[in-house]
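# Fold and contact review
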Amino acid sequence: MEEWYGEKQTKDVMISFKSSKIIYSGKSKFQDILLIENETYGRILMLDGTVQLTEKDEFIYHEILAHIPLMSLTEPKKVLIIGGGDGGLAREILKHSVSNVDIVEIDEEVVKISKKFLPFVSSSYSDRRLRLFIEDGAEFVKKSKGKYDAVLIDSTDPVGAAAVLFTEEFYRNIKNLLKKDGIIGSQTGSPFMYPGHLKMAYENMRTLFNTIKIYTAPVPTYPGAIWSFTFATNGDLKRKRTRNFRTMFYNEEYHDTNINPEFIKELVH
Ligand code: AG3
């Protein structure tokens, strides 16, 4: 029998993948976790029925979220990730000569399952510079005394539990953890399907930081295909360096050009 699994992106739009194998299916304290194998996209991780990553296209999302902020800093040393338990964002950050990457992931099951079944992202866990905290990110940033060059938010969509990760209060707590020219960056959803998510994040960050920029990148398996990332700082977001590592999506021209489509400009004007 053919088995199809997918994400209901809106009430009447769905993306589905035929599974050649169900690798894991279960329920953690926080969410449903499903891992399938698909011939076209490779391994696919879904949480509560939403696509988090696929083996084939995860590099696009992870590279933009990591390299736009880190290449905007001369010498980033300490980076905090909120969410990102699969390890993919950490993998990209560790390509820089950072001294410390802290991951704060609420759901230990996501980490365990990624370590076991998604080595292409979770290989980063074997790096000595990485520390993992199993904690609620919104609580962590209230009490942490760390000083970071960048704090990057690799969250699920802002519905339910993750909604706090798009609030002004959360961004304010992060601002307190940033060094003077430190950068905050977040995935801010599909500008096409869920423009409200991007608008909410942008407006809440804008009140706290002098410089704010939206980048977009195509992620074929995410709703609306175009995905947004918002970065803010009291320093600047100009590229300071040239890569000495390999990427498959990010490059210097992409960083420097930063063209936003007109409908996004209108959304956040
Ligand atoms: N973080 C989730 C991006 C949001 C996807 N949303 C959706 N499919 N509705 C990605 C986790 C990868 N580290």
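Preceding block: the structure.
The shown structure was predicted, so the numbers you read here are calculated from the model rather than taken from an experiment.

## A closer look at the environment of Phe263
Its place among the elements puts Phe263 in helix 9 (residues 262-268). Classification of Phe263 by relative accessible area gives partly exposed; the value is 37%. Between the C-alpha atoms of Phe263 and Glu2, which are 261 residues apart in sequence, the distance is 39 Å. When sequence neighbours within four positions are dropped, the list of residues in contact with Phe263 reads Pro191, Phe192 and Ile226.

## Focus: the pairing of strand 13 (residues 226-233)
The buried count for strand 13 comes to 7 of 8 residues, which makes it a mostly enclosed element. Two strands pair when backbone bridges link them, and strand 11 (residues 178-187) and strand 13 are joined in this way by 5 bridges, in the antiparallel orientation. Counted as the bridge partner of Gln187 is Phe229 from strand 13. With 8 bridges joining them, strand 12 (residues 211-218) and strand 13 adopt antiparallel strand pairing. Counted as the bridge partner of Pro218 is Ile226 from strand 13.

## Quick notes on the packing of aromatic side chains
Under the defined criterion, the tally for this structure stands at 10 aromatic pairs. Ring centres 5.8 Å apart and planes at 90° place the aromatic pair Phe17 and Tyr41 in the edge-to-face group. Note that Phe17 is positioned in strand 2 (residues 13-18) and Tyr41 in the loop between strand 4 (32-38) and strand 5 (42-47), a separation of 24 residues in sequence. By relative accessible area, Phe17 is classed as buried at 3%.

## Let's talk about the sheet that holds strand 8 (residues 100-105)
If you trace the 7 strands from one edge of the open sheet to the other, you get 9-8-7-10-11-13-12, paired in mixed fashion. Either end of the sheet is taken by a strand with one partner, and the two such strands are strand 9 (130-134) and strand 12. The sheet shows a mean angle of 15° between the axes of neighbouring strands, direction not considered. Relative to strand 11, strand 10 (residues 148-154) runs parallel, the two being bridged by 5 bridges. The residue of strand 11 that forms the bridge with Ala150 is Ile183.

## What about the layout of surface pockets?
Where empty space is left becomes clear once a probe the size of a water molecule has been rolled over the atoms. Size it by volume and the largest pocket reaches roughly 790 Å³. Mapped by element, the contributors of at least two residues to the lining of the largest pocket are strand 1 (4-10), strand 5, strand 6 (50-54), helix 1 (58-71), strand 7 (78-83), strand 8 and helix 5 (137-143). Per-element accounting of the lining of the largest pocket gives the leading share, 4 residues, to strand 6. Each residue belonging to the lining of the largest pocket can be placed in one class, and the counts come to 20 nonpolar, 13 polar and 9 charged. Of the domains in this structure, domain 1 (3-54) and domain 2 (58-239 + 249-268) are the two that each give at least three residues to the lining of the largest pocket.

## Observations concerning the site of the ligand
Taken together, 14 residues lie around the ligand, and Glu7, His62, Asp86, Asp154 and Asp157 are the ones closest in. A distance of 3.4 Å separates a nitrogen atom of the ligand from a polar side-chain atom of Gln52. Ser155 is positioned with one of its backbone polar atoms (N or O) 3.1 Å from a nitrogen atom of the ligand. The cavity that encloses the ligand is the largest pocket. At the level of elements, strand 6 and helix 1 are the ones that each hand at least two residues to the shell around the ligand. Ranked by residues supplied to the shell around the ligand, first place goes to strand 6 with 3 residues. Of the residues assigned to the shell around the ligand, the class counts are 5 nonpolar, 5 polar and 4 charged.

Cut-off values and rules
Residues numbered from 1 in each chain as written. Predicted model: local features only at pLDDT ≥ 70, side-chain atom pairs only at ≥ 80, totals over all residues. Heavy atoms only, no water. Helix = DSSP H or I, 4+ residues; strand = E, 2+ residues; numbered from the N terminus. Buried < 20%, exposed > 50% of the residue type's maximum accessible area, 1.4 Å probe, protein only. Contact = heavy atoms within 4.5 Å. Pairing = 2+ DSSP bridges. Phe/Tyr/Trp six-rings, centres within 6.5 Å; stacked < 30°, edge-to-face > 60°. Axes fitted to C-alpha atoms, helices over the stretch in contact; angles between N-to-C directions. 1 Å grid on protein atoms, 1.4 Å probe; cavity = no way out; pocket = protein on both sides within 12 Å on 5 of 7 lines; lining within 4 Å. Points joined across faces, edges and corners; volume = space filled by probe spheres on them. Nonpolar A, V, L, I, M, F, W, Y, C, P; charged D, E, K, R; others polar. Domains from an automatic or database assignment. Near = heavy atom within 4 Å. Polar contact = N/O pair within 3.5 Å; in protein donor to acceptor, adjacent residues only side chain to side chain. Sits in = over half its atoms within 2 Å of the grid points.

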